[in-house]
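A closer look at the structure
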Amino acid sequence: MNQKLYMVSLGPGDIELLTLKALNAFKECDAICVPTKSEDNSFTKSISYKIVSNALEVLDVNKPVVPVYSPMHFIYEDWVHEADIILDTLSKYEKVCFVTLGDAAVYSSIYYLLDIIKEKNEKIYKSCEVIAGVTSFSAASAEAKKALCLGDEELVIKPINPRGEVKTTQILMRPKIGMDTQVLGEGDFYTFENMYLEDAKITPSKIEKVKKYMTLFINFAKRD
Ligand SMILES: C[S@@+](CC[C@H](N)C(=O)[O-])C[C@H]1O[C@@H](n2cnc3c(N)ncnc32)[C@H](O)[C@@H]1O
């Protein structure tokens with residue numbers, strides 16, 4: 001079987017904020033794994049299930065929906081259990097989606113799950129595609145008609161109840177063409193140039209000189 005896992009961002013709740021990529025993944029897949037906080041595996045309280053059902057209605061297709069019990073206790077064993085359900089679903093169906101609210105990049109469990117999946121089945125990890133989505137705060141800004149950052153302002157995203165040391169990921173935008181990136185300091189950098197354009201380039205480090213305005217750097221939080 002040519003197994004493929006899609007980690008699909010659902011956006012903040014409005015079906016119209018689901019991406020075309022997400023809809024295409026739902027069309028393409030054979031089953032959809034949906035997290036639920038209910039111990040009985042029901043979806044009565046699941047916002048994700050509501051969005052997925054809506055999407056399947058819009059697409060006019062039926063797909064098996066597999067509950068993934070996600071108590072959100074931040075416990076490693078729970079993530080292992082969730083990863084096992086995803087892997088088990090992939091042993092029955094060739095293409096599987098797992099869904100997460102908002103955007104997968106922001107406080108989502110998918111990267112804990114992907115770390116475990118990588119250990120258990122490197123091939124599935126490598127074939128996995130993460131589909132970006134609209135964050136709750138992008139949607140909130142649009143609802144309020146208020147920019148998140150303008151001119152020289154910064155944007156800060158903080159956990160209200162941190163469980164331990166708070167580490168920071170920095171997103172660095174709007175560089176000057178020709179600038180030396182030494183000033184950005186050191187860290188776990190990635191450079192993204194002209195994303196999704198013909199000459200798109202992603203470099204898993206910090207490039208030395210900026211060649212294009214459409215360049216952004218991410219200095220990822222140091223994780224063990
Ligand atoms: C585990 S984080 C997930 C964030 C999500 N991945 C995102 O991109 O926005 C959950 C938090 O996101 C915020 N959030 C997510 N969806 C929201 C919504 N529809 N309305 C208000 N806040 C929301 C709330 O602060 C909530 O406690």
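Residues numbered from 1 in each chain as written. Predicted model: local features only at pLDDT ≥ 70, side-chain atom pairs only at ≥ 80, totals over all residues. Heavy atoms only, no water.

1. A closer look at the overall build of the protein chain
Secondary structure summary: the protein chain contains 6 helices and 9 strands in total. Rg of the C-alpha trace for the protein chain: 19 Å, near the compact-globule value of 17 Å for 224 residues, within the 12% margin. With the principal axes as the frame, the protein chain shows a C-alpha extent of 55 × 40 × 40 Å. A burial count over the protein chain gives 36% of its 224 residues as buried. (Helix = DSSP H or I, 4+ residues; strand = E, 2+ residues; numbered from the N terminus. Rg over C-alpha atoms; globule rule 2.2 N^0.38 Å. Buried < 20%, exposed > 50% of the residue type's maximum accessible area, 1.4 Å probe, protein only.)

2. Quick word on the environment of Asn-219
Take Asn-219: it is sitting in strand S9 (residues 215–220). Exposure remark for Asn-219: the relative accessible area of 11% places this residue in the buried category. Residues Asn-219 and Leu-90, spaced 129 residues apart in sequence, show a C-alpha to C-alpha distance of 33 Å. Every residue in contact with Asn-219, bar those within four places of it in the chain, is listed here: Thr-168, Thr-169, Gln-170, Glu-186, Gly-187, Asp-188 and Phe-189. (Contact = heavy atoms within 4.5 Å.)

3. Considering the nonpolar core
Ranked by internal contacts, the top residues of the largest apolar core, which has 22 residues, are Leu-5, Met-7, Cys-33, Ile-86, Phe-98, Leu-114 and Ile-117. For this core, the secondary structure elements donating two or more residues are strand S1 (4–9), strand S3 (65–69), helix H3 (76–92), strand S4 (95–100) and helix H4 (110–120). If one sorts the elements of this core by residue count, H3 sits on top with 7 residues. Apart from the residues lying within four places of it in its own chain, the contact partners of Leu-114 are Leu-5, Met-7, Tyr-125, Cys-128 and Val-130. Residues Leu-10, Ala-22, Ile-51 and Ala-55 belong to the second largest nonpolar core, which totals 20 residues. (Core = buried A, V, L, I, M, F, W, Y, C linked by side-chain atoms within 4.5 Å.)

4. As for the packing of H3 against H4
Between H3 and H4, the least distance of the axes is 9 Å, while the angle of their chain directions is 65°. Considering how the two elements wind past one another, H3 and H4 form a crossing that is right-handed. Two secondary-structure elements touch here, H3 through Tyr-76, Trp-79, Val-80, Glu-82, Ala-83, Asp-84, Ile-86 and Leu-87 and H4 through Tyr-112, Leu-113, Ile-116, Ile-117, Glu-119 and Lys-120. (Axes fitted to C-alpha atoms, helices over the stretch in contact; angles between N-to-C directions. Left-handed = near helix turned anticlockwise from the far one by under 90°.)

5. Description of the environment of Glu-198
Here Glu-198 lies in the loop between strand S7 (188–193) and strand S8 (201–203). Using a relative accessible area of 89% as the deciding quantity, one classes Glu-198 as exposed. With 11 residues separating them in the primary sequence, Glu-198 and Lys-209 have C-alpha atoms 20 Å apart.

6. A word on the layout of surface pockets
The calculated volume of the second largest pocket comes to roughly 180 Å³. Surrounding the second largest pocket, Met-173, Arg-174, Phe-192, Asn-194, Met-195, Leu-197, Tyr-213, Met-214, Thr-215 and Leu-216 form its lining. Per-class residue counts for the lining of the second largest pocket are 7 nonpolar, 2 polar and 1 charged. (1 Å grid on protein atoms, 1.4 Å probe; cavity = no way out; pocket = protein on both sides within 12 Å on 5 of 7 lines; lining within 4 Å. Points joined across faces, edges and corners; volume = space filled by probe spheres on them. Nonpolar A, V, L, I, M, F, W, Y, C, P; charged D, E, K, R; others polar.)

7. Side note on helix H2 (residues 47–59)
With 13 residues, H2 ought to run about 18 Å at 1.5 Å a step, and its terminal C-alpha atoms sit 19 Å apart, in line with that. Taken residue by residue, H2 has Ser-48, Ile-51, Val-52, Ala-55, Leu-56 and Leu-59 as its buried positions. Looking straight down H2, one finds its buried side chains confined to an arc of 135°; they lie on one side. Exposed residues on H2 whose side chains face more than 90 degrees from its buried face are Ile-47, Lys-50, Glu-57 and Val-58. (Expected span 1.5 Å × (residues − 1). Arc of directions from axis to C-beta.)

8. Overview of the site of the ligand
Taken together, Pro-12, Leu-101, Gly-102, Asp-103, Val-106, Tyr-107, Thr-135 and Ser-136 make up the full set of residues adjacent to the ligand. Between the ligand and Asp-103 there is a distance of 2.7 Å, counted from an oxygen atom to a backbone nitrogen or oxygen. A distance of 2.7 Å separates a nitrogen atom of the ligand from a polar backbone atom of Val-106. In isolation the ligand has 570 Å² of accessible area, and contact with the protein removes 48% of it. Classifying every residue of the shell around the ligand by side-chain character gives 4 nonpolar, 3 polar and 1 charged. (Near = heavy atom within 4 Å. Polar contact = N/O pair within 3.5 Å; in protein donor to acceptor, adjacent residues only side chain to side chain. Areas by Shrake-Rupley, 256 points an atom, 1.4 Å probe, with all protein chains shown as cover.)

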